[in-house]
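# Residue-level structural notes
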Amino acid sequence: MSSKQEIFNALKSAAIAPQAMPCIDIAPRIDDLVGQFETSLNTVAGTLHRDGGLAGLQATVDEHIAKGMQIISMVDGINGNRTVSDTAHELKDIDYAVIPGDLGVAENGAIWVNNKSLGHRVTPFICENLLLVIEANSIVANMHQAAKLMTLAPGEFGTFIAGPSKTADIEQALVVGAHGACSLNVYLT
């Protein structure tokens with residue numbers, strides 16, 4: 001027997017039997033999910049817009065378009081001035097991306113988005129500013145509840161977005177918008 005095989009046999013004999021993952025059933029203790037979501041979102045440099053819904057969002061989009069901003073919208077009923085292109089490279093000059101979120105998490109202000117709603121996977125990362133839309137009843141208390149609701153088919157992509165991009169790598173100074181969106185505004189419907 002080779003020394004390589006002896007090592008493999010020794011590792012097999014010392015291996016621990018597979019164990020089932022523990023059941024984590026944490027009862028949420030949040031009375032006001034939207035209020036806690038807003039507090040958490042503010043902590044990660046995001047802003048929640050509770051009032052106005054899609055009409056308020058469209059008014060904001062119209063104001064930005066009037067200022068010459070380039071806006072792509074993946075939300076039904078919200079009209080930007082750019083359309084989804086064939087290649088992600090054409091999105092390099094997008095000022096605002098309007099994207100639907102699938103759910104929000106009150107404990108940390110994160111919003112789950114799925115590539116079915118993005119047009120291109122790069123959309124929330126290449127734009128200068130993000131405008132996310134979520135339904136108020138899609139906010140859950142914690143990540144455990146969110147994980148139970150998330151679904152991805154083979155080949156799909158999803159991500160949690162929690163505020164604009166940030167880094168504090170250099171001299172421990174927080175920089176917002178260092179390598180992605182500079183702002184995040186979330187609109188409730």
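Everything in this summary refers to the structure shown in the same document. What you see is a predicted model, and the numbers here were worked out from it, not measured in a lab. Position numbers for residues start from 1 in each chain and track the written sequence from start to end. Per-residue local features are limited, in this predicted model, to residues with pLDDT of at least 70; the limit for side-chain atom pairs, both in listing and counting, is 80 or more; totals at the level of whole chains, interfaces and linings are taken over all residues. As a rule here, side-chain values cover all heavy atoms of the structure and leave hydrogens and water aside.

## Let's talk about the side chain of Thr123
Secondary structure elements follow DSSP: runs of H or I of four or more residues count as helices, runs of E of two or more count as strands, with numbering from the N terminus. Relative to the helices and strands, Thr123 is located in helix H4 (residues 123-126). We call two residues in contact whenever any of their non-hydrogen atoms come within 4.5 Å of each other. Those residues within four positions of Thr123 in sequence are excluded, and the remaining contacts are Leu91, Ala97, Ile99 and Leu118.

## Some remarks on the environment of Thr159
As for its placement among the helices and strands, Thr159 is situated in strand S8 (residues 158-161). Separated by 114 residues in the primary sequence, Thr159 and Ala45 place their C-alpha atoms 18 Å from one another. Those residues in contact with Thr159, other than ones at most four positions away along the chain, are Ile111, Trp112, Val113 and Phe125.

## With respect to the nonpolar core
Nonpolar cores were defined as sets of buried Ala, Val, Leu, Ile, Met, Phe, Trp, Tyr and Cys residues, with membership established by side-chain atoms within 4.5 Å. Buried residues are those whose accessible area, probed at 1.4 Å on protein chains only, stays under 20% of the maximum for their type, while exposed residues exceed 50% and partly exposed ones sit between those limits. Membership of the largest hydrophobic core comes to 24 residues, with the highest contact counts inside it found for Phe37, Leu41, Ile111, Leu130, Leu132, Leu184 and Val186. Of all elements in the fold, only helix H2 (33-43), strand S3 (96-100), strand S5 (110-114), strand S6 (129-134) and strand S11 (183-188) reach the threshold of two or more residues within this core. Once residues within four sequence positions are removed from consideration, Leu130 is found in contact with Ala97, Ile99, Pro124, Ile161, Ala181, Ser183, Leu184 and Asn185. Grouped together as the second largest cluster of nonpolar side chains are ten residues, Ile71, Ile78, Tyr96 and Tyr187 included.

## A closer look at the sheet that holds S11
Spatially, the five strands line up as an open sheet ordered S1-S11-S6-S3-S2, and their pairing is parallel. Each edge of the open sheet is held by one strand with a lone partner, namely strand S1 (46-49) and strand S2 (71-73). Averaged over all pairs of adjacent strands, the angle between strand axes in this sheet comes to 20°, irrespective of strand direction. Sheet topology places S6 next to S11; six bridges connect them, and they run parallel. Bridging across to S11, Leu130 finds its partner in Leu184. On top of the sheet, helix H3 (residues 53-66) reaches S2, S3, S6 and S11; it is set at about 145° to S11, its chief contact. Strands qualify as paired when DSSP identifies two bridges or more between them. Inter-axis angles, ranging from 0 to 180 degrees, are taken between N-to-C directions of lines fitted to C-alpha atoms, where helices are fitted over the stretch in contact.

## Let's talk about the side chain of Ser138
With respect to the element layout, Ser138 can be found in the loop between S6 and strand S7 (139-140). Given a relative accessible area of 13%, Ser138 falls into the buried group. Side-chain polar atoms of Ser138 contact the backbone oxygen of Glu135, separated by 2.6 Å. Setting aside its immediate chain neighbours within four residues, Ser138 contacts Asp102, Leu103 and Gly104. Polar contact criterion, stated in full: a pair of N or O atoms within 3.5 Å, where within protein one must be able to donate a hydrogen and the other to accept it, and residues adjacent in sequence count only if both atoms are side-chain atoms.

## Points about unusual backbone geometry
Even without being a glycine, Ala45 presents a positive backbone phi close to 70°. As for its position among the elements, Ala45 is in the loop between H2 and S1.

## Considering H2
By the burial criterion, the buried members of H2 are Val34, Gly35, Phe37, Ser40 and Leu41. Where H2 is buried, its residues meet S1, strand S4 (103-105), S5, S6, S7 and S11. At the exit of H2 stands Ala45, carrying a positive phi of roughly 70°.

## Concerning the pattern of salt bridges
Within this document, salt bridges are pairs made up of a side-chain nitrogen of Lys or Arg and a carboxyl oxygen of Asp or Glu, the two lying within 4 Å of each other. Considering all chains together, one arrives at three salt bridges under this definition. Residue Asp93 is joined to Arg82 by a salt bridge in which the shortest nitrogen-to-oxygen separation is 2.9 Å. Linking Asp93 in the loop between S2 and S3 with Arg82 in the loop between S2 and S3, this pair joins segments that are eleven residues apart in sequence. Judged by its relative accessible area of 41%, Asp93 is partly exposed. Two residues, Glu156 and Lys116, come together in a salt bridge whose shortest N-O distance is 3.9 Å. Residue Glu156 is found in the loop between helix H5 (143-149) and S8, and its partner Lys116 is found in the loop between S5 and H4; the two are separated by 40 residues along the sequence. Residue classification places Lys116 among the exposed positions, given a relative accessible area of 61%.

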